[in-house]
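Here is how the chains run, residue by residue.
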Amino acid sequence: MAVSIPTDFVPAIFDAARWENIEPLLDDLHRRPIHSAAELEQWLIDRGELLAACSEAQANLYISMSCDTADEGKRTAYLSYIESIPPRLKPRMFELDKRQVELARQFTLPAERYEVLQRDTAAEVELFREENVPIETELDKLAQEFSQVSGAMTVEFRGEEKTLPQMAPFQESTDRATREDAWRLVAQRRLEDAGKLDDIYDRMIERRHRIARNAGFDNYIGYAFKSMHRFDYTPADCERFHDACQRVIVPLMRRLDERRRQRLGLDTLRPWDLAVDELGREPLKPFAGGVQLVSKTRAALESLDGRLAEMFARLGDGAASSGSEGGALLDLDSRKGKAPGGYQYNRDRSRRSFIFMNAAGVHRDVTTMVHEAGHAFHSMLSENDPLLHYRHSPIEFAEVASMGMEFLSLPHLGAPGAFYDEADLRRATVEQIYRAVTVLPWIATIDAFQHWIYANPQHARDQRTATWLKLDDRFGHAVDWSGLDAFREKAWQRQLHLYSHPFYYIEYGIAQLGALQLWIRSLEQGEKAAVDGYMRALALGGARPLPELFEAAGLEFDFGAEMLKRLADRAEAELEKVEA
Ligand SMILES: [Zn+2]
């Protein structure tokens, strides 16, 4: 469990939330004379450890705040960190990037070990333009404006004021009128601010286009690919993924929609009929409380593979944790004053994970638990890499670690001491496969939309709407939208990534294909082979290019039609088998 850290550059006791502590170390990195490749390697490790200390300071402040949003002091501490440290750190880090690129020209480092790091750093240096800094700040403010507008949306539902996320559970109500009321209310509320959101998006597109032009690109697509370090696939590969989804996954999804319509006994399927259990059953109740969630997850993992269970045990038993006080690594139960959602956060310096979630005892929580555990395994397995950069992997593979764990653990959710009896396990299995398959066309929709947006930055709003509707025809569910045109035209506005994280999304599709392959591998070659490959690949962290990370896990880095067909056929066959 002890990690060896080959440097004492950052003192053992070090408050990285204070600029006066950070600055002298940055000065050292700027000025330190380097005479050999060995000294350069040490410099890279030292640089990483300083950044790790800063990132851990931020992580701890963020964790404290999200576990206790009502505590004004914790909020202030986080915000004052965000305002004082990153704005000063970023330009200094960029100067270090430049120095690193120069030093790497003078001293030859082992190519295999350093190619990923050097490729990523060189991209940062090549893209940087002084005149883009104020435009980036404007974009941050626009993203802030977007969260204000969308965060302020509430509806009054049956006499109670509710946020839009709080309305989501009503989509699972077995009472159709409730679902329809809830759906219409939310869609209507969004529509009221559609003009504002269009406005924000227009301004974002204009600025992103300008940033790309300043950096020498024709449009934002090429710029985004390079800044996101997408060196191993191209916009043309994304188009192949869209086409493959259309040809292979959409027909399967629409067959499942038709089955849903029949099972629900409806004339037509409407947008509010997609989340309800198609056999009208009440939601699964797999556990009560975070401690039980942990012990049952552990039982499932023990049944899958002792090595995974051992890593999971390092996170603790989930008892008495509320926040990270006392060294807790888990805060699982939903309670008042906790931020929404779930995450796994790695403390980069001490190499300790933290898993945050809002468990309420539903099946979705079990999925989240094993998903975040997959991220934690990734951190643990790569924790001994001396380079910070390699203790993180690109999202396209990081999400294979987490989504892959959802699939690998699935058959064991029914192990002794775990969550389900045979019938409930079948239901959980159907849900997992259904979700993995039906998310792919939505990913293709969002990705294709963005490619069009940034290839045509001067488009008019009605062209944007026409493009969206065409994409929904191409990739959407088999639902009847009659009388709902105004809502349908603006349905893209609920996807936060379009505003705040442009072009992020295809990553989840690529990772889902990896997760599905891993699952099929476990079915065909046995779980041991699948878990061995999984652990081997996770141990690489981010030290190798994407295709090699996939390869190390025994997976193909391929998102063409043949691959999708193989996955879709197998998923459909497994669905039939489970339901037989
Ligand atoms: Zn994840």
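Preceding this paragraph is the structure being described.
Bear in mind the structure is a predicted one, so any value in this text is a computation, not a measurement. (Residues numbered from 1 in each chain as written. Predicted model: local features only at pLDDT ≥ 70, side-chain atom pairs only at ≥ 80, totals over all residues. Heavy atoms only, no water.)

A.B. asks: How should I be thinking about the side chain of Arg32 in this particular structure?
C.D. replies: Counting through the fold element by element, Arg32 comes out in the loop between helix H1 (19-31) and helix H2 (37-67). Here Asp46 takes part through its side chain, which lies 2.9 Å from a polar atom of the side chain of Arg32. Discounting chain neighbours no more than four positions away, the residues touching Arg32 are Phe9, Gln42, Trp43, Asp46 and Arg99. (Helix = DSSP H or I, 4+ residues; strand = E, 2+ residues; numbered from the N terminus. Polar contact = N/O pair within 3.5 Å; in protein donor to acceptor, adjacent residues only side chain to side chain. Contact = heavy atoms within 4.5 Å.)

A.B. asks: Which parts of the structure should I look at to understand the environment of Leu61?
C.D. replies: Relative to the elements of secondary structure, Leu61 occurs in helix H2. Taking the C-alpha atoms as reference points, Leu61 and Asn346, separated by 285 residues in sequence, lie 13 Å from one another. The residues contacting Leu61, other than those within four sequence positions of it, are Ala77, Tyr78 and Tyr81.

A.B. asks: For this particular structure, what's the right way to read the coordination of the zinc ion?
C.D. replies: Octahedral metals with six donors have ideal donor angles of 90 or 180 degrees. Tetrahedral metals with four donors have an ideal donor angle of 109.5 degrees. Coordination sphere of the zinc ion, protein contribution only: His371 (NE2), His375 (NE2), Glu399 (OE) and Glu399 (OE), at 2.1 to 2.6 Å. Taken together, the 4 donor atoms surrounding the zinc ion define angles of 52 to 137 degrees at the centre, an arrangement classified as irregular. All donors to the zinc ion come from one chain, and their sequence spacing reads H-x3-H-x23-E. Taken together, the positions of His371 in helix H14 (residues 363-381) and Glu399 in helix H15 (residues 395-409) put the pair 28 residues apart, joining distant regions of the chain. Look at Glu399 and you get buried, because its relative accessible area is 11%. (Donors = N, O, S within 2.8 Å, 3.2 Å for Na, K, Ca; no water. Tetrahedral: all angles 85-135°; square planar, octahedral: opposite > 155°, others 65-115°. Buried < 20%, exposed > 50% of the residue type's maximum accessible area, 1.4 Å probe, protein only.)

A.B. asks: How do you make sense of H1 when you look at a structure like this?
C.D. replies: Counting along an α-helix, one turn takes 3.6 residues, and residues three or four places apart therefore face a common direction. Along its 13 residues, H1 runs 18 Å from first to last C-alpha, staying within 8% of the 18 Å computed at 1.5 Å per residue. Within H1, burial applies to Trp19, Ile22, Leu25, Leu26 and Leu29. Take H1 and look down its axis: the buried residues cluster within an arc of 135 degrees, on one side only. Of the surrounding secondary structure, the elements contacted by the buried residues of H1 are H2 and helix H4 (86-106). (Expected span 1.5 Å × (residues − 1). Arc of directions from axis to C-beta.)

A.B. asks: Got a minute to help me understand the layout of surface pockets in this structure?
C.D. replies: Gaps between atoms show up when a probe of the same size as a water molecule is rolled over them. Here the second largest pocket is characterised by a volume of approximately 250 Å³. Lining the second largest pocket we find Leu410, Pro411, Glu422, Leu425, Arg426, Thr429, Ile433, Trp519, Leu523, Glu574, Lys577 and Val578. Secondary structure elements with two or more residues in the lining of the second largest pocket: helix H16 (422-455), helix H20 (506-525) and helix H23 (561-579). When residues in the lining of the second largest pocket are grouped by element, the largest group, 5 residues, is from H16. Here the lining of the second largest pocket is built from residues that sort into 7 nonpolar, 1 polar and 4 charged. (1 Å grid on protein atoms, 1.4 Å probe; cavity = no way out; pocket = protein on both sides within 12 Å on 5 of 7 lines; lining within 4 Å. Points joined across faces, edges and corners; volume = space filled by probe spheres on them. Nonpolar A, V, L, I, M, F, W, Y, C, P; charged D, E, K, R; others polar.)

A.B. asks: Could you clarify how one ought to interpret the nonpolar core in this entry?
C.D. replies: The nonpolar side chains of a soluble globular protein tend to be buried, and buried together. Formed by 131 residues in total, the largest nonpolar core has its most connected members in Phe241, Leu308, Phe377 and Tyr534. Among the elements that line this core, the one with the most residues is H16, at 15 residues. In this view, Leu308 contacts Leu301, Phe377, Met405, Val531, Tyr534 and Met535; residues no more than four positions away in its chain are not counted. Core analysis: the next-biggest nonpolar cluster, separate from the first, contains 32 residues, Trp19, Ile85, Tyr114 and Ala543 among them. (Core = buried A, V, L, I, M, F, W, Y, C linked by side-chain atoms within 4.5 Å.)

A.B. asks: What should I look at first to understand the sheet that holds strand S5 (residues 352-359) in this one?
C.D. replies: Sheet strands pair via backbone hydrogen bonds, and the direction of the pair is either parallel or antiparallel. Ordered in space as S3-S5-S4, the 3 strands form an open sheet in which the pairing is mixed. Of all the strands in the sheet, the pair left with one neighbour each is strand S3 (330-333) and strand S4 (343-347). Each strand of the sheet is rotated relative to its neighbour by a mean of 15 degrees, with strand direction disregarded. Inspection of the sheet shows S3 paired to S5 by 3 bridges, in the parallel sense. Opposite Leu330, over in S5, you have Ile355 as the bridge partner. Across the sheet, H14 lies against S3, S4 and S5, angled at about 170 degrees from S5, the strand it touches most. (Pairing = 2+ DSSP bridges. Axes fitted to C-alpha atoms, helices over the stretch in contact; angles between N-to-C directions.)

A.B. asks: How should I be thinking about unusual backbone geometry in this particular structure?
C.D. replies: Leaving glycine out, the prevailing phi sign among residues is negative, and the prevailing peptide bond configuration is trans. Unlike most non-glycine residues, Arg351 shows phi in positive territory, near 55 degrees. In this model, Phe503 sits at a positive phi of 75 degrees, which is unusual for a non-glycine residue. As for its position among the elements, Phe503 is in the loop between helix H19 (496-500) and H20. Relative accessible area serves as the criterion here: at 0%, Phe503 is assigned to the buried category.

A.B. asks: Whenever I open this one, helix H13 (residues 306-313) confuses me. Can you help?
C.D. replies: All buried positions along H13 are accounted for by Leu308, Ala309, Met311 and Phe312. The buried residues of H13 occupy one face: seen down the axis, they fall within an arc of 160 degrees.

Just geometry here; none of it tells us what the structure is for.
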